[in-house]
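# Observations on the model geometry
For reference, the chains in residue letters:
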Amino acid sequence: MTDVTDGVLHTLFRSDQGGHEQVVLCQDRATGLKAVIAIHSTALGPALGGTRFYPYASEEAAVADALNLARGMSYKNAMAGLDHGGGKAVIIGDPERIKTEELLLAYGRFVASLGGRYVTACDVGTYVADMDVVARACPWTTGRSPENGGAGDSSVLTAYGVFQGMRASAQHLWGDPTLRGRKVGVAGVGKVGHYLVGHLLEDGADVVITDVRPDAVRRVTDEHPEVTVAADTDALIRTEGLDIYAPCALGGALNDRSVPVLTATVVCGAANNQLAHPGVEKDLADRGIHYAPDYVVNAGGVIQVADELHGFDFDRCKAKASKIFDTTLAIFARAKDDGIPPAAAADRIAEQRMAEARTPALPGEASQL
């Protein structure tokens, strides 16, 4: 069995980051599968979250990541208005080296053993084709191809939701829900970022991009030669006249090094876990930077995969993702009323929805945010 140290157990049972309902360690020696499935909450319904396939430095790091990601999914699903709790799974290993059909089928059998308490989907290192394989062993699988009853690439609506979050930020800060004439920096133009660039240009924004992969940059510049390319993320966040910064790559983009030099007045991007540590949200607020919480604005993808369970309809999903605009405005309003950063306001709203689900109102009572 994979070793779990006291540090992880402390996180699970005793820290503020814990409170998870269930953590399952999975191993299949024949295929080399080592996986962790973390269910943070089923208060709102079955836990929903993707499967990350990544070569973690240690089993402890993998468990810790699963715990953090599952907790984040509870908040994301609550704020998206979904009848789902939060869960996440990680498969330990380099997907380029060990991913096989047999391993994915073994993983699917472990997910199926939970009887629907956890619904899986794509994440870093897993793709639509992988979910098609997992689905052969597990009916609680989303993110499948249209040919197999799924919705396909969820990046499309993820980008659309982030764009709605940007529009709401513009409405809140400048009184007009348009990015026309605004300079927007997009760090990471992969699966989600390149779709976001398209929305921004269509709306009339001036776009600056960067990515560690030259081919990703080239794909965007070939399609949109009018964009400007920054040498790296450090150069992008220091761009003069930058209005909005959109982190769309890895987490931790907002940290003690980046926040003090950030020229943008709004941060709104697709990356998960953008705040490197507690307190960064206050640092942003102290500098007058408006932060649209990542798990709110990047919820378009989970809205899409959740809809697969009911027979996917793109127009229905897009309508739900459009509501990210209203949700973002509500968070900014709550933050102002309570005198707290937007990230804290979003947490309060999500926690209230989950708490009310655990303790249903008495007949005649109405819940209010």
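Residues numbered from 1 in each chain as written. Predicted model: local features only at pLDDT ≥ 70, side-chain atom pairs only at ≥ 80, totals over all residues. Heavy atoms only, no water.

It is worth spelling out the overall build of the chain at this point. Secondary structure assignment for the chain yields 15 helices and twelve strands. Computed over the C-alpha atoms, the radius of gyration of the chain is 20 Å, within 12% of the 21 Å expected from 2.2 N^0.38 for a compact globule of 369 residues. Projected onto its principal axes, the C-alpha coordinates of the chain cover approximately 55 × 55 × 45 Å. With 369 residues in all, the chain has 50% of them scored as buried. (Helix = DSSP H or I, 4+ residues; strand = E, 2+ residues; numbered from the N terminus. Rg over C-alpha atoms; globule rule 2.2 N^0.38 Å. Buried < 20%, exposed > 50% of the residue type's maximum accessible area, 1.4 Å probe, protein only.)

Counted by the stated rule, this structure contains 17 salt bridges. Note that Asp65 is salt-bridged to Arg52, the shortest N-O span being 3.6 Å. Highlighted residues: Asp65 in helix α2 (residues 59-79) and Arg52 in strand β4 (residues 51-54), separated in sequence by 13 residues. Taken as a pair, Asp65 and Arg52 share a single burial class, namely buried. Close ionic contact of Asp307 with Arg316 constitutes a salt bridge, the shortest N to O distance being 2.8 Å. Judged by relative accessible area, which is 2%, Asp307 ranks as buried. Connected via shared salt-bridge partners are Arg52, Asp65, Lys88 and Asp123. (Salt bridge = Lys/Arg side-chain N within 4 Å of Asp/Glu carboxyl O.)

This part covers helix α6 (residues 155-174). The first and last C-alpha atoms of α6 sit 28 Å apart over 20 residues, in line with the 28 Å expected at 1.5 Å per residue. Judged by how many residues are buried, α6 sits mostly within the fold: 14 of 20 residues are covered. The positive-phi residue at the C-terminal boundary of α6 is Gly175, with phi of around 80°. (Expected span 1.5 Å × (residues − 1).)

On to the nonpolar core. Ranked by internal contacts, the top residues of the largest apolar core, which has 40 residues, are Met166, Val186, Leu196, Val197, Leu200, Val207 and Ile209. Elements with a contribution of two residues or more to this core: α6, β7 (183-187), α7 (193-202), β8 (206-210), α8 (214-223), β10 (244-247), α12 (300-308) and α14 (324-338). Leaving out residues up to four positions away in the same chain, Val186 has contacts with Gly193, Leu196, Val197, Leu200, Val207, Val208, Ile209, Thr210, Leu236, Ala246 and Cys248. (Core = buried A, V, L, I, M, F, W, Y, C linked by side-chain atoms within 4.5 Å. Contact = heavy atoms within 4.5 Å.)

What follows covers the pairing of strand β5 (residues 85-92). The element β5 is largely enclosed, with a buried count of eight among its eight residues. Where strand β2 (residues 33-41) lies against β5, six bridges are found, and the strand directions are antiparallel. Residue Ile37 lies in a different strand from β5, and its bridge partner there is Ala89. Sheet topology note: the β4/β5 ladder contains four bridges and is parallel. From the neighbouring strand, Tyr54 faces β5, where its bridge partner is Ile92. (Pairing = 2+ DSSP bridges.)

The subject of this paragraph is the confidence of the model for the chain. Summary statistics for the chain give a mean pLDDT of 92 and a share of 93% for residues scoring 70 or more. Taken together, the stretch residues 360-369 has pLDDT below 50 and engages in six contacts with residues farther than four places along the chain or on a different chain. (pLDDT = per-residue confidence, 0-100.)

Two strands in a sheet stick together by hydrogen bonds in their backbones, pointing the same way (parallel) or opposite ways (antiparallel). Pairing in this open sheet of six strands is parallel, and the strands run β9-β8-β7-β10-β11-β12 from one edge to the other. The open sheet has two edge strands with one neighbour each: β9 (228-229) and β12 (290-291). Alignment of β8 against β9, held across two bridges, turns out to be parallel. Opposite Ile209, over in β9, you have Val229 as the bridge partner. Packing against the sheet, α8 makes contact with β8 and β9, and its axis sits at approximately 155° to β8. (Axes fitted to C-alpha atoms, helices over the stretch in contact; angles between N-to-C directions.)

In this fold, Asn272 is placed in the loop between β11 (266-267) and α10 (280-286). Taking C-alpha positions, Asn272 is 9.5 Å from Pro293, a pair spaced 21 residues apart along the chain. Here Asn272 is in contact with Arg52, Lys76, Gly251, Asp294 and Asn298, once residues within four sequence places are set aside. Of note is the side chain of Asn272, whose polar atom sits 3.0 Å from the side chain of Asn298. (Polar contact = N/O pair within 3.5 Å; in protein donor to acceptor, adjacent residues only side chain to side chain.)

Here we take up the packing of helix α4 (residues 101-112) against helix α5 (residues 128-135). In contact at an axis separation of 8 Å, α4 and α5 are set at 60° when each is read in the N-to-C sense. One way to sum up the angle between α4 and α5 is to call them oblique. Seen along the crossing, α4 lies across α5 with a hand that is right-handed. Contact with α4, carried on its side by Glu101, Leu104, Leu105, Tyr107 and Gly108, involves Asp130, Val133 and Val134 of α5 and no other residues of that element. A class-by-class count of the residues in the contact of α4 with α5 yields five nonpolar, one polar and two charged. (Parallel < 35°, antiparallel > 145°, perpendicular 65-115°, else oblique. Left-handed = near helix turned anticlockwise from the far one by under 90°. Nonpolar A, V, L, I, M, F, W, Y, C, P; charged D, E, K, R; others polar.)

Looking at where Leu25 falls in the secondary structure, it is placed in strand β1 (residues 22-28). Separated by twelve residues in the primary sequence, Leu25 and Ile37 place their C-alpha atoms 6.6 Å from one another.

Locating Tyr75 in the fold gives a position in helix α2. For the pair Tyr75 and Arg353, spaced 278 residues apart in the sequence, the C-alpha separation amounts to 9.4 Å. At 2.7 Å, the side chain of Tyr75 forms a polar contact with the side chain of Glu351.

As a further point, take the packing of aromatic side chains. Geometrically, a pair of aromatic rings is defined through the distance of the ring centres and the angle of the planes. What the rule picks out here adds up to three aromatic pairs. Between the aromatic rings of Tyr75 and Tyr295, the centroid separation amounts to 5.9 Å while the plane-to-plane angle is 70°, which identifies the pairing as edge-to-face. Here Tyr75, found in helix α2, pairs with Tyr295, found in helix α11 (residues 294-297); they are 220 residues apart in sequence, far enough to count as distant. Residue classification places Tyr75 among the buried residues on the basis of a relative accessible area of 7%. Accessibility expressed as a relative area gives 12% for Tyr295, which makes it buried. Plain terms: the ring middles of Phe312 and Phe314 are 6.5 Å apart, the flat faces sit at 75° to each other, and that makes the pair edge-to-face. The ring of Trp174 is capped by Arg182, whose NZ or CZ atom sits 3.9 Å from the centre of that ring. One residue, Lys318, lies across the ring of Tyr160, its end atom 5.0 Å from the ring centre. (Phe/Tyr/Trp six-rings, centres within 6.5 Å; stacked < 30°, edge-to-face > 60°. Lys NZ or Arg CZ within 6 Å of the ring centre and 35° of its normal.)

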